[in-house]
Amino acid sequence: MQNSETDTNLATSISRWRTARKIILGSIILAGSMATSAALLQRYAGTNCKAQQQRVAERGYTYSGIGAVIQQRGEFVVVRDVLPGAPADGVLREGMHLVSVDGMYPVSVEDWAAALRGPSGTSVTIEVATRCSGHKFVTLERQLIRVQK
């Protein structure tokens, strides 16, 4: 009785493994086909806009904001870097946690980026937190920021 049960379990396990393998291989083939189709479509039917955008990105870009590079760290959005000569230079430091902006509490790093950017010459008030000095509010005037690569 024991051997029969073991043989049945082994046959079931092998059957499941074969089914999983077929599904995975099918997914890989499907993903490859989609990527190939997209590449062909872009090459033969697409415009050259992407190449033009890439050249512009390689030279740099311009935006209106405070010049702080931010990133998500766990549940917090923090300052990763500050661009030299930007409004945030000397005011914000790497590692500062962003708490609020103009009384709002953005959730994602994208929402933070949108809130920190705005028309040149307008001001933005940011609440930041540091480990040693606690919370403070800083008001910065947005400027045109040129990022060169």
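All of these numbers come straight from a predicted model, not from anything done at the bench.

Enquirer: Could you give an account of the pairing of strand E5 (residues 123-130), naming the residues involved and the relevant values?
Expert: Burial analysis of E5 places 6 of its 8 residues in the buried class, which makes it a mostly covered element. By the bridge criterion, 4 bridges tie strand E4 (residues 97-101) to E5 in an arrangement that is antiparallel. Residue His 97 lies in a different strand from E5, and its bridge partner there is Ala 129. As judged from the 8 bridges shared by E5 and strand E6 (residues 134-141), these two strands associate in the antiparallel manner. Counted as the bridge partner of Thr 130 is Gly 134 from E6. What sits between E5 and E6 in their antiparallel hairpin is a turn of 3 residues.

Enquirer: Give me the side chain of Ser 100: which residues, what numbers.
Expert: Relative to the helices and strands, Ser 100 is located in strand E4. Filtering out sequence-adjacent residues up to four positions away, Ser 100 remains in contact with Tyr 105, Trp 112, Thr 125, Ile 126, Glu 127 and Phe 137.

Enquirer: How would you sum up helix H3 (residues 109-116)? Please name residues and give values.
Expert: Since the α-helix advances by 3.6 residues per turn, residues separated by three or four positions end up pointing in the same direction. Of all the residues in H3, the buried ones are Trp 112, Ala 115 and Leu 116. Take H3 and look down its axis: the buried residues cluster within an arc of 95°, on one side only. Facing away from the buried side of H3, by more than 90 degrees, are the exposed residues Glu 110 and Ala 114.

Enquirer: Describe the sheet that holds E4, naming the residues involved and giving the relevant values.
Expert: The strand order across the open sheet formed by 5 strands is E2-E3-E4-E5-E6, and the pairing between neighbours is antiparallel. Edge strands, defined here as strands with exactly one partner in the open sheet, are strand E2 (68-73) and E6. Ignoring strand direction, the axes of neighbouring strands in this sheet form an average angle of 40°. Packing against the sheet, H3 makes contact with E2, strand E3 (76-82), E4 and E5, and its axis sits at approximately 60° to E4.

Enquirer: Residue-level account of the packing of aromatic side chains, with values.
Expert: Under the counting rule described, the total for this entry stands at 0 aromatic pairs. Seen from the ring of Tyr 63, Arg 117 lies directly overhead, with NZ or CZ sitting 4.2 Å from the centre.

Enquirer: Outline unusual backbone geometry, supporting the account with residue identities and numerical values.
Expert: The phi dihedral of Asp 102 falls on the positive side, at around 50°, and the residue is not glycine. Tracing the sequence through the fold places Asp 102 in the loop between E4 and H3.

Rules and cut-offs
- Residues numbered from 1 in each chain as written.
- Predicted model: local features only at pLDDT ≥ 70, side-chain atom pairs only at ≥ 80, totals over all residues.
- Heavy atoms only, no water.
- Buried < 20%, exposed > 50% of the residue type's maximum accessible area, 1.4 Å probe, protein only.
- Helix = DSSP H or I, 4+ residues; strand = E, 2+ residues; numbered from the N terminus.
- Pairing = 2+ DSSP bridges.
- Contact = heavy atoms within 4.5 Å.
- Arc of directions from axis to C-beta.
- Axes fitted to C-alpha atoms, helices over the stretch in contact; angles between N-to-C directions.
- Phe/Tyr/Trp six-rings, centres within 6.5 Å; stacked < 30°, edge-to-face > 60°.
- Lys NZ or Arg CZ within 6 Å of the ring centre and 35° of its normal.

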